[in-house]
Amino acid sequence: MIRDITLGQYYPTDSVLHRLDPRVKLCGTLIYVISLFLFQTFTGYIVATVFLVSMIALSHVPVKFIFRGLKAILFILVFTAVLNTFLTPGRELVSFWKITITIEGVRLAAFMILRLVYLIIGSSLMTLTTTPSNLTDGLEKSLGWLKVFRVPVHEIAMMMSIALTFIPVLLEETDRIIKAQQARGADFESGNIIRRVKSLVPILVPLFISAFRRANDLAIAMESRCYHGGDGRTKMRPLAYGFRDIMAYVVLVLYLAVVIVVGIMF
Amino acid sequence: MSIIVNHVDHIYNPGTVFEKKALNDVTFSVENGEYIGLVGRTGSGKSTLVTHLNGLMKPTGGGIYYDGVDISSDGYDIKALRGKVGLVFQYPEHQLFEEDVFADVCFGPKNLGLKETEIELRAYEALKAVGIKDEQFYVSPFDLSGGEKRRVAIAGVLAMKPEVLVLDEPCAGLDPAGREEILALADHLHSSLNITVIIVSHSMDDLAEHVERILVMNDGMLVMDAPTRVVFGHRAELEAMGLAVPEVTAILSDLKKAGLPVRDDLITIEEARSEILRVFGK
């Protein structure tokens, strides 16, 4: 169950997407996410689907692996779909007892599901093809101009990179603690909701303690290597755009153009 | 009580780049009252193997039989099995969570659905068995020393009255006194309470003094399964796997190579001492 969470996980293989500059991927993901919310018609979603499918094909990440991330948001998906279907006013489709399903409701629900699914797949595709350190490097560089407004860009990027690298570590730790408590007969699957929430205490307490212990160790390790923030810090591999990245920007601009055209024409 | 591990395989993340064969055709059996050591270098599959013994992990091939019944079969009472095969993980003190020591030790028997008095009796007996003093029963487990925490965590498993106790690296990170305490505790549980004990360890010296039989894992395979003395007679093979023989055994065999007429099949410090004194005629 714990291993289904693919958020922030990196899938090590070699592909065009893996080799792209992280800034391109960040920018691309942003454009893609915005385009998802601009589309109001099914034609628009065909464009979004074509784009996403070709990116998945380019990434060389197994499709099974990408879709695993959706399991975690299944509940949210069902919840939004139900709310949208029943609570949108409009032309009546079916009606029974006090509940009316409208054509607009079904339409909206379908759009919402598509948006959420594409949103998750699109953003996990970015993290699956970018190492956490590359990702935060890209973020730090793209947002560097915010420093003018005294936004601590380096610190935020560092926190993000630590958080991302620790996701798998903490997941593993959680898995270990769950096993250790199961070895003592703990049962997380049966009983009513209150019992189930209570059964999480033997996992959460050790997990928090271990997270604090790790944070403390890491802080000491960083300080003993003279970490003092981003000022004057150099990079081993500074980010630089290549031909491939420029081509990727061209593709993004084309996509954006198609999005705008589809938005106006259909 | 008997455990049969029959041609067990375990593959992690099959079909992805993370695929790894952690166990490869492992077969052995454990009889009642045995005292076993399980050795192997890091990543050899020791921990994966022991988590199979109480059904926490399911083999991807082969089967595990407890008292002759396949533990993967439908309707098998896996919770009862976890009471019978007590598994103490590495750094077990990291799983403590209750407000006081006594409540934490009660967690296991409570999960078995026992009566209140029985739960408390078992917790009391377990804490006594691991040598925790009465005045420490109601302090927070986080205020204890490293060795005490570990003994409390072991008591948490003992309170379930297991027939088999598996200790995964029970001495890791403890000082010499702490190590001795834990190993003496394992001896006591084996000899006085007649519990079958399996110790997973890197330290050949620790094992030599205590266990009767050793299983050696290498690269997911079980490569040796023999009485302690026999296993330590294979110095070259063990060293090729990144393992070692007890230090005294290594010293004796080096002395023999240097021309002294000593036996080199001895494994404890006591034996080595009298052998060396014998050779020097004292």
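Residues numbered from 1 in each chain as written. Chains lettered and ligands numbered in written order. Predicted model: local features only at pLDDT ≥ 70, side-chain atom pairs only at ≥ 80, totals over all residues. Heavy atoms only, no water.

**A look at the overall build of chain A**
Convention followed: Each helix is a run of DSSP H or I of at least 4 residues and each strand a run of E of at least 2, with the numbering of both proceeding from the N terminus. Contacts are assigned to residue pairs that have any heavy atoms within 4.5 Å of one another. Only the protein chains shown count as cover for residues, and all accessible areas are computed by the Shrake-Rupley method using a 1.4 Å probe.
Of regular secondary structure, chain A possesses eleven helices and two strands. Listed by position from the N terminus, the elements making up chain A come as α-α-α-α-α-β-β-α-α-α-α-α-α. Structurally, chain A occupies a C-alpha span of about 65 × 60 × 40 Å along its principal axes. Counted over contacts in chain A with a minimum sequence separation of 6, partners at least 24 positions apart contribute 75%. Entry remark: accessible area of chain A is about 16,000 Å², with carbon and sulfur atoms responsible for 72%.

**Here we look at the interface of chain A and chain B**
What counts here: In short, buried area is how much 1.4 Å probe accessible area vanishes from two parts on joining, totalled over both. Note on definitions: salt bridges are taken to be side-chain nitrogens of Lys or Arg within 4 Å of carboxyl oxygens of Asp or Glu. Any pair of N or O atoms that falls within 3.5 Å is considered a polar contact. Within protein, one atom must be able to donate a hydrogen and the other to accept it, and sequence-neighbouring residues count only if both atoms are side-chain atoms. Polar here means any residue other than Ala, Val, Leu, Ile, Met, Phe, Trp, Tyr, Cys and Pro, which are nonpolar, and Asp, Glu, Lys and Arg, which are charged; Gly is therefore polar.
Each partner contributes residues to the interface: chain A has 20 residues there, and chain B has 24 residues. Buried surface at the junction of chain A and chain B, both sides included, amounts to about 2,100 Å², of which 63% is carbon and sulfur. When the area that chain A buries against chain B is broken down by residue, the three leading residues are K179, A183 and R184 of chain A, summing to 33%. Salt-bridge contacts for D104 of chain B lead to R184 of chain A; the nearest nitrogen and oxygen are separated by 3.1 Å. On inspection of chain A and its partner chain B, the count reaches four residue pairs in polar contact (both at pLDDT 80 or more). Secondary structure elements with two or more residues in the side of chain A that touches chain B: α8 (153–183) and α10 (201–224) of chain A. Of the residues in the side of chain A that touches chain B, the class split is twelve nonpolar, three polar and five charged.

**Re the environment of G229 of chain A**
All names here are of chain A. Inspection of the secondary structure assignment puts G229 in the loop between α10 and α11 (243–265). Placed 113 residues apart in sequence, G229 and L116 show a C-alpha to C-alpha distance of 36 Å. Ignoring sequence-local partners within four residues, the contact set of G229 consists of H154 and E155.

**Observations concerning the sheet that holds strand β5 (residues 69–70) of chain B**
All names here are of chain B. Formally: Two strands are said to pair when DSSP picks up at least two bridges between them.
In spatial order, the strands read β2-β1-β4-β5; together these four strands make up an open sheet with antiparallel pairing. The open sheet has two edge strands with one neighbour each: β2 (20–31) and β5. Here two bridges tie strand β4 (residues 61–66) to β5, and the two strands are oriented antiparallel to one another. Pairing of Y65 across the sheet is with D70, part of β5.

**Section: the pairing of strand β6 (residues 85–88) of chain B**
Residue and element names in this part refer to chain B. Quick note on the threshold: Note on exposure labels: buried denotes an accessible area under 20% of the residue type's maximum, exposed denotes more than 50%, and partly exposed covers the range between, all computed with a 1.4 Å probe on protein chains only.
Neither face of β6 is left uncovered, since the one carrying V85 and L87 and the one carrying G86 and V88 both have all their residues buried. Across four bridges, the pairing between β6 and strand β7 (residues 164–168) is parallel. Across the sheet, the residue bridging to L87 is V166, located in β7.

**Side note on the pairing of strand β9 (residues 213–218) of chain B**
Residue and element names in this part refer to chain B. Within β9, five of the six residues are buried, which leaves it mostly tucked inside the rest of the structure. Pairing geometry for strand β3 (residues 35–39) and β9, over four bridges, is parallel. Note on β9: the bridge partner recorded for G37 is I214. Note that β9 and strand β10 (residues 221–227) share six bridges and pair antiparallel. Among the inter-strand pairings, M217 is bridged to a residue of β10, identified as L222. Where β9 folds back on β10, the antiparallel hairpin that results is connected by two residues, among which D219 adopts a positive phi of roughly 55°.

**Details of the confidence of the model for chain A**
To be explicit about the condition: pLDDT: the predictor's confidence for each residue, scored from 0 to 100.
Of all residues in chain A, 97% have pLDDT values of 70 or greater, and the mean over the chain is 85. Per-element averaging of pLDDT across chain A places strand β1 (residues 92–96) of chain A at the bottom with 73 and α10 of chain A at the top with 93.

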